[in-house]
Amino acid sequence: EGVSAAVGVIGAGAWGTALAQTLASDGSDVLLWAREPELVGEINARRTNSLFLPGPRLAETVQATNDLKDLAALPVLLAVVPAQFLAAVLSDLPGSGCDLVLCAKGIEAGTSRLMADVAADAAPTARLAVLSGPTFAHEVAAGLPTAVTLACSGGEAQCTAFGYQGRLPATSRA
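Residues numbered from 1 in each chain as written. Predicted model: local features only at pLDDT ≥ 70, side-chain atom pairs only at ≥ 80, totals over all residues. Heavy atoms only, no water.

Describing the sheet that holds strand S1 (residues 7–10)
Phase 1: The seven strands are arranged S3-S2-S1-S4-S5-S6-S7 in an open sheet whose pairing can be described as mixed. At either end of the open sheet lies a strand with only one pairing partner, and these are strand S3 (62–65) and strand S7 (149–152). The average angle at which neighbouring strand axes cross in this sheet is 25 degrees, direction not considered.
Phase 2: Two elements, strand S6 (residues 127–132) and S7, share four bridges in a ladder whose sense is antiparallel. By the bridge assignment for S7, Ala129 is matched with Cys152.
Phase 3: Sheet contacts for helix H1 (residues 14–23): S1, strand S2 (30–33), S3, strand S4 (76–79) and S6; angle to S2, the most-contacted strand, approximately 170 degrees. (Pairing = 2+ DSSP bridges. Helix = DSSP H or I, 4+ residues; strand = E, 2+ residues; numbered from the N terminus. Axes fitted to C-alpha atoms, helices over the stretch in contact; angles between N-to-C directions. Contact = heavy atoms within 4.5 Å.)

And the structure:
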């Protein structure tokens, strides 16, 4: 309620939670969306995600919500929901003229569309980027070094803005 955040993460599975934790590692406020109300309560009260990422204690600057409207005004959103749910979740997101970083991999069942195609249809005004790499959620959440690639539809200027304005911490930059 009334949380002001620099970035939002849509999806509180292991990977989404790890990314939220990494983004908060520099003190940035991060708003994490979870479908499960009980998980939202656990994250906000106990600073843990025992359902999907047991172990790490989450930063105080990570706040959880189960209302997509809370993310609508944020300038940067990371979409970290399973491939089969990406279209439905993005279609439920009010507005979408933000920088939308796709962090889910896969192909949509039934249509064989890639996630970038799904997102372009579901959120046509969003500026798309894709974050990908050989990572493990528990290692990322622990702050261990990793390498990822960020590809941006807005080209170098958009990628530079992500990397150098604190939107992706050094442990996540490629």
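A closer look at the pattern of salt bridges
Oppositely charged side chains may form a pair once their charged atoms are brought near each other.
Phase 1: Evaluation of the coordinates by the stated rule reveals seven salt bridges.
Phase 2: In this structure, the salt-bridge partner of Arg35 is Glu36, at a minimum N-O distance of 3.4 Å.
Phase 3: Given a relative accessible area of 13%, Glu36 falls into the buried group.
Phase 4: In the salt-bridge network here, residues are joined through shared partners; they are Arg47, Arg57 and Glu60. (Salt bridge = Lys/Arg side-chain N within 4 Å of Asp/Glu carboxyl O. Buried < 20%, exposed > 50% of the residue type's maximum accessible area, 1.4 Å probe, protein only.)

Here we look at the pairing of S1
Phase 1: Burial along S1 is two-sided: Val7 and Val9 and Gly8 and Ile10, pointing in opposite directions, are all buried.
Phase 2: Both S1 and S2 contribute to a ladder of four bridges, which runs parallel. Residue pairing for S2: Val9 is matched across the bridge by Leu32.
Phase 3: Taken together, S1, H1 and S2 form a β-α-β motif whose crossover is right-handed. (Right-handed = clockwise from strand over helix to strand, strands pointing away.)

Points about helix H2 (residues 37–46)
Phase 1: Listing the buried residues of H2 in full gives Leu39, Val40, Glu42 and Ile43. One side of H2 holds all its buried residues, which, seen down the axis, span an arc of 165 degrees. Exposed residues pointing more than 90 degrees away from the buried face of H2 are listed as Pro37, Glu38, Ala45 and Arg46.
Phase 2: Next to the buried residues of H2 lie S2 and S3.
Phase 3: Once H2 ends, the next one or two residues include Arg47, with phi positive near 65 degrees. (Arc of directions from axis to C-beta.)

Description of the side chain of Glu108
Phase 1: With respect to the helices and strands, the residue Glu108 is situated in the loop between strand S5 (99–102) and helix H4 (115–122).
Phase 2: Overall, Glu108 belongs to the buried group, its relative accessible area being 11%.
Phase 3: Within polar-contact distance, the side chain of Glu108 engages the side chain of Thr111 at 2.6 Å.
Phase 4: Contacts of Glu108, omitting those with residues within four sequence positions, involve Gln84, Ala87, Arg113, Met115 and Val118. (Polar contact = N/O pair within 3.5 Å; in protein donor to acceptor, adjacent residues only side chain to side chain.)

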